[in-house]
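Commentary on secondary and tertiary structure
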Amino acid sequence: EPEVWRGSGGGWGGGEGGEFDDCPPEHRREVAETIHELDCRDPGDLGGFGDLRAWLAQFQRVGGFSREASLKLCEVMTRCLVAPRDAHAQPSRQELQQAFVRMRGLQQTVHALLLRLSEPSVVAACARLLCAAVEGAPFSAELVALQGSDLRLLLRAIERHATSSREVAEVGCSLICHLSSLTPFPTADPVPPRTKAHRDSQKMIAATGAVDLVVSILAASVREVQLLSDKVEQMEAQQLKEAGIAKENALAPAVVGKKKEDNLRQDLQKKQESIQRVKNNVEARQAWKTLAELEVESARIQGSAMQALILLATNNPETARMVGSALATERAASTFEPAAEPAPQVGGFLAPPLAQAGGGFGGRPVRRGSKASQLSAISEGLRGSARSGTTAEEEPRDETSETLQALGQACAALVDVLRGRAARDRPELGAQACRLVALVAEHHMLLARQVVDDGRRRHVTMEAKFRMDLKAGRGPDAAAASFAPLRRCVAALATALRLHPDNMPLTTAAIGALYELRRTAFVALAGPGAGVGGGEVVPEPDALQAWRELLTESVEKGELSRACRELRDALYSTEVAEQRLHSYNLGPDDLRGDGVYLTPRCKAAAEAAKGKAAELSADVVALEWREGEPKRRERRAEEKAKERERRLAEEREALIAQGLDPDAVAAGERPGSEGGSSRASRSGLGGSSRSSTPSAASAASGGRGGSKQKAKGKQKGKGKGKGK
């Protein structure tokens, strides 16, 4: 009787080895029988409650003995949970998912995973099994999230292999997605409401460190693609350089030596160089192939990671704060540079520069670590100003907004995604990055509103306390310096609009992200006297001007105006398609033609983005028309030049009609004469205001004025004769 089952590729056979090297000898028969039973099972038999209970018992029994047994059991249970079933089939998919969790499926899966913690394939299979258990099942997701210790162990196992195994990274991000939200379903709401189970699960998995895990997976994937891309581009540049040198050598005159040995040595060297170039070409092709394969896998990983972050941060301020902090921390950790300790300052627009050479107000020194001493110095300075009858007006300083600095740092990782190779020809990946930028900007805007509202209340309180007007302002270049951290982000969003102008999801997401950055900047740069609570803030003039300059600098080819046109055309085409669907009782799949049909969710997003795009485009136009009509002087100069050319052409045609040579008239010579010049010929094409034709001269000197001119001419002639 055979002793060992060698798996799906071996069959029965005796001896050691095969796919059971990790299995103890005393358990090989049991493991082999389990695998043989699973392989011989009918693929159409998906299984029910009894089968699921038996598989979980086998998983607990033999899962730690053999890697292949663990993979087979995870595969068959995943197929049982995720396979589509009929609407009236018993048991249903949701019932099986809940039964899996209640049969302690999570605990057994985590136990088997810990036994095989060093094997990425087993970790990925276990994570995929849990994805099938919670996909589209809010109650199962809640039950999984409630078991915090097991979920934390699962996340730590995924984190261990996330950077070395792309399969583990992708499946781990998908698991977090299914724990946070339902799968996509048809709805007209751009942001459908979450179930309470998913909201609770969202908070629990965020508290266990899922946000940091997903951000690290995203950053590692982007960095891996970028490093390989730089290496391949350097290799290509080196090959182009060598090809140019070889071409120059080929075109150069051949040098023939006197000795035969020298000629043979040169021929051998040329052959060796040719062989080396062929090898380099093979290496370059292989490197490009590796980069293409890596780009495809990394695109899936980045898409899963960003979708997980979007689902974690949507409609949840607490998890949105975690996402923003994790993105900023990841960027700071990747480019860490120790900076000098800044001078101590009291926060807010009311804070004067206390750390100066002369100390605090009135020359009194202020201790650095004592906040009470700083506040007492401020109070004494304000009282002294009040006693002297002056207004406590602070000198403007070029201070920047820390809110915008934090926002730029949090969006830096997403900017790398937008500028990476994976998102260059994948607009859906760019749309996800734009949505994340909008979520992070919205979170920072809420924080800025709280800061400005608190500053406004303090401003009113101190004015009432000291009975004086308090004025504080920024320096002339403070707004422009505050917008500097957002320059890369705005440029990346404009580039995404320029690369994919006809992709509506990306267009709506990019317009929304730009608009949220605009609102956040205006709130962050609002003074303490501006009321921003709840409503739209009126931007400061310098902040509005700095934003317009930044946006105009980033937009190169009219991306915003083109986005407005594309959105308008898409909405019109969708209305026509909906009218035809209603009239002919058709479905969306029955449409034919070149138009754009937006789904209800995308249509709602496009309608909201249309007004935002018009407002952003108005910012660009306002800056261009700030000093009047743009390019007005150039256009007027061009019109004057054309008018001058037209007049010269008419004068030339008139001279030709009279039988005169225009070139000779312009040179000042009368045709048919030996030499000299006449007064009439000098006024030809030289730009004189007098007419060069006799008919025009006689027409101009008609009537009484003409007779006077003739009389004057006779008197002049008489005078000349007498003189002679």
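The structure under discussion appears in the preceding block.
Structural notes, computed from the coordinates. (Residues numbered from 1 in each chain as written. Predicted model: local features only at pLDDT ≥ 70, side-chain atom pairs only at ≥ 80, totals over all residues. Heavy atoms only, no water.)

Moving on, we get to empty space enclosed by the protein. If you roll a probe as big as a water molecule over the atoms, it shows you where there is empty space left. Applying the stated criterion to the full structure yields two cavities of 30 Å³ or more. The calculated volume of the largest cavity comes to roughly 70 Å³. Sorting the residues of the lining of the largest cavity by element identifies α11 (210–251) and α16 (412–419) as the ones contributing at least two each. The biggest single contributor to the lining of the largest cavity is α11, with four residues. Looking at side-chain class alone, the lining of the largest cavity contains five nonpolar, four polar and two charged residues. Residue lining of the second largest cavity: L497, H500, P501, T507, E559, R562, A563 and E566, and that is the complete set. Ranked by residue count, the leading element in the lining of the second largest cavity is helix α22 (residues 559–584), at four residues. Here the residues of the lining of the second largest cavity are counted per class, giving three nonpolar, two polar and three charged. (1 Å grid on protein atoms, 1.4 Å probe; cavity = no way out; pocket = protein on both sides within 12 Å on 5 of 7 lines; lining within 4 Å. Points joined across faces, edges and corners; volume = space filled by probe spheres on them. Helix = DSSP H or I, 4+ residues; strand = E, 2+ residues; numbered from the N terminus. Nonpolar A, V, L, I, M, F, W, Y, C, P; charged D, E, K, R; others polar.)

The next point concerns the packing of aromatic side chains. Inspection of the entire model under this criterion finds one aromatic pair. Between F483 and W547, the ring centres sit 6.1 Å apart and the planes meet at 45 degrees, which makes this aromatic pair tilted. Here W547 lies in helix α21 (residues 541–554) and F483 lies in the loop between α18 (478–482) and α19 (487–499), a separation of 64 residues in the sequence. Summarising the burial analysis for this pair, F483 and W547 share the class buried. (Phe/Tyr/Trp six-rings, centres within 6.5 Å; stacked < 30°, edge-to-face > 60°. Buried < 20%, exposed > 50% of the residue type's maximum accessible area, 1.4 Å probe, protein only.)

Turning our attention to a positive patch on the surface. There is a patch of like positive charges on the surface, built from R632, R633, R636, K640, R644 and R647. Considering the arrangement of structural elements, one finds R632 in helix α24 (residues 632–657). (Patch = residues over 30% accessible without salt bridge, like charges linked within 9 Å, V, L, I, M, F, W, Y side chains within 5 Å. Areas by Shrake-Rupley, 256 points an atom, 1.4 Å probe, with all protein chains shown as cover. Salt bridge = Lys/Arg side-chain N within 4 Å of Asp/Glu carboxyl O. Lys, Arg positive; Asp, Glu negative; His and termini not counted. Charge placed at Lys NZ, Arg CZ, Asp CG, Glu CD.)

Okay, the nonpolar core next. By size, the foremost hydrophobic cluster in this structure holds 144 residues, and its most contacted members are M77, F100, L517 and L560. Non-local contacts of L517, meaning those with residues more than four positions away in its chain, are made with L407, V437, A441, L486, C489, V490 and L493. The next biggest cluster of nonpolar side chains, apart from the first, holds six residues, and it includes V225, L228, A287 and L294. (Core = buried A, V, L, I, M, F, W, Y, C linked by side-chain atoms within 4.5 Å. Contact = heavy atoms within 4.5 Å.)

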